[in-house]
Each structure stands twice: as C-alpha cells, then as structure tokens.
Amino acid sequence: MKRYQQLLILPAIAFSFMACMQSNKKDQATVESTTTKQQQPILSLTDTSLKKVAKTDAQWKKVLTDNQYYILRKQGTERPFQNEFNDNHKKGNYFCAACKLPLFSSKTKFNSGTGWPSFYAPINNNRVKEVVDKSLGMVRGEIVCARCDGHLGHLFDDGPNPTGLRYCMNSGAMLFQESK
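It should be emphasised that the depicted structure is a prediction, and the values quoted were computed from it without experimental measurement.

1. Thoughts on the sheet that holds strand β8 (residues 166–169)
Argument step 1. In space, the six strands of this open sheet follow the order β3-β4-β8-β7-β6-β5, with antiparallel pairing throughout. Every other strand in the sheet has two partners, leaving β3 (109–110) and β5 (128–133) as the edge strands with one partner each.
Argument step 2. Judged from the two bridges that link them, strand β4 (residues 118–119) and β8 form a sheet pairing that is antiparallel. What sits directly across from S118, in β8, is C168.

Written as structure tokens, this is what we have:
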C-alpha cells in the first residue's frame, strides 16, 4: 500500500512544483514590466532646455516607434480622425515624443474639424520653430520641435482668437500627460 501511495504522491508533488515555477515566472514578468515602466522617461514641464538633441538615424530608430519615426524624422503625416489626440478632451500637456520638450497645453487646444489635434498657441513660442515646407506642390509653414528638429505638423492662419493661428499637429509626434 505504501508503494501505491508514493506513486500517487509523486505526480502531486511534481504538479505543485510546476505550478510554483509558473507562479514565479508570472511574478518575474510583473517585476520586469514594472521595471520597464519605471525606465520610461518622465515628462516634466520644467524640462525646458533648448540645448539641441542630435542623434543618428539609427539612434532615432531605436528610441522611437515606427509611427513616431515616420512622422518626426521623415516628415510623415498620420491619417485624419484616426489618431490618438484628435478627440482627446482631457486636461494636460503635450510633449515632443522624441526629446520630451513640453510643447502645447490642453488650454490652447480646440476642435478644428480637420481630424488632427489643433492648438492656437504653443506653451512658449521658443519651443517650436517654423520652417518653409514646399512639399506636395504648395508652400506652408512646417512646425518642428526647437530642441530636436522633429516634424510635428503645420501652421495655418485660420485658427481662433486670440492668435488666429492653427498649429495642426500629428498625435504620433507627441506624448500626452494628464494634469491632476
């Protein structure tokens, strides 16, 4: 009888051991996930240095998602109405996705009806710069980040008061931090 009991107990012990190992793997994955989240850059409104951030193409590809790279480094444009921040009505601030410079506040965001997040003014005029864009057979003002020269969007003169400007930005070029 003892031999029979041992044969029944051994699989139970093995099963318990395997369950314990699985639990440890899940705990380790949770720790790794938490560690990864902690390593994400902190967005700060006090990070206002305009010291140039220059990286090689390969370096940008490592730190940006494919969409961010396409927009910020290759002057791409995302599809209207199908982007993250067009319909964002939360209070907070928008940062450059490449160098984390604070760019726009939700206080100046408005619904332009164009399908892209639009602002009538940046947090500070020195955070963005306008360059001439002659692509697509037209001349318009391209808006780039003053710190990393990442393409953010375009500037138009059909915005609301008090500036009359519309900074038409790409969601993929920005990160959002909700304010409390």
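2. Looking at the packing of aromatic side chains
Argument step 1. Counting across every chain of the model gives six aromatic pairs.
Argument step 2. For the ring pair Y94 and F176, a centre distance of 4.8 Å and an interplane angle of 50° mean the geometry is tilted. Remark: F176 occurs in strand β9 (residues 174–178) and Y94 occurs in strand β1 (residues 92–96); sequence separation between them is 82 residues. A single burial state applies to Y94 and to F176, both of which are buried.
Argument step 3. The ring centre of W60 lies 5.1 Å from the NZ or CZ of K55, which sits over that ring.

3. Some points on unusual backbone geometry
Argument step 1. Between N161 and P162 the backbone carries a cis peptide bond, its omega angle lying at 15°.
Argument step 2. Note that P162 resides in the loop between β7 (151–156) and β8.
Argument step 3. Despite not being glycine, Q75 has its phi angle at roughly 55°, a positive value.
Argument step 4. If you trace the backbone, Q75 turns up in the loop between α3 (66–74) and β1.
Argument step 5. Phi angles above zero are rare outside glycine, and D149 is one such case at about 60°.
Argument step 6. Looking at the element boundaries, D149 is found in the loop between β6 (140–145) and β7.

4. Some thoughts on the confidence of the model for the protein chain
Argument step 1. When pLDDT is averaged along the protein chain, the result is 84; 77% of the residues meet or exceed 70.
Argument step 2. The low-confidence segment residues 4–8, where pLDDT is below 50, has zero contacts with residues more than four positions distant or belonging to other chains.
Argument step 3. Under a pLDDT of 50 for its full length, residues 12–39 has, in the predicted model, zero contacts with residues more than four places off or in other chains.

Reading the values: the criteria
Note that residues are indexed from 1 along each chain, following the sequence as it is written. Per-residue local features of the predicted model are confined to residues with pLDDT of at least 70, and side-chain atom pairs are confined, for both listing and counting, to 80 or more; whole-chain, interface and lining totals are unaffected and use all residues. Calculated side-chain values reflect all of the structure's heavy atoms, with hydrogen atoms and water omitted. When DSSP finds at least two bridges between two strands, those strands are taken to pair. The way it works is that DSSP assigns letters per residue, a run of H or I at least four long becomes a helix, a run of E at least two long becomes a strand, and they are numbered from the N terminus. When the centres of two rings from Phe, Tyr and Trp lie within 6.5 Å, Trp using its six-membered ring, the rings pair. Their planes under 30 degrees apart give stacked, over 60 give edge-to-face, and anything left gives tilted. Buried means the residue's accessible area, taken with a 1.4 Å probe over protein chains only, is under 20% of the maximum for its type, while exposed means over 50%, and partly exposed covers the values in between. Each ring is checked for a lysine NZ or an arginine CZ that lies within 6 Å of its centre and within 35 degrees of its normal; such an atom marks a charge sitting over the ring. Summary of the metric used: pLDDT quantifies the predictor's per-residue confidence within the range 0 to 100. Contacts: residue pairs with any heavy atoms within 4.5 Å of one another.

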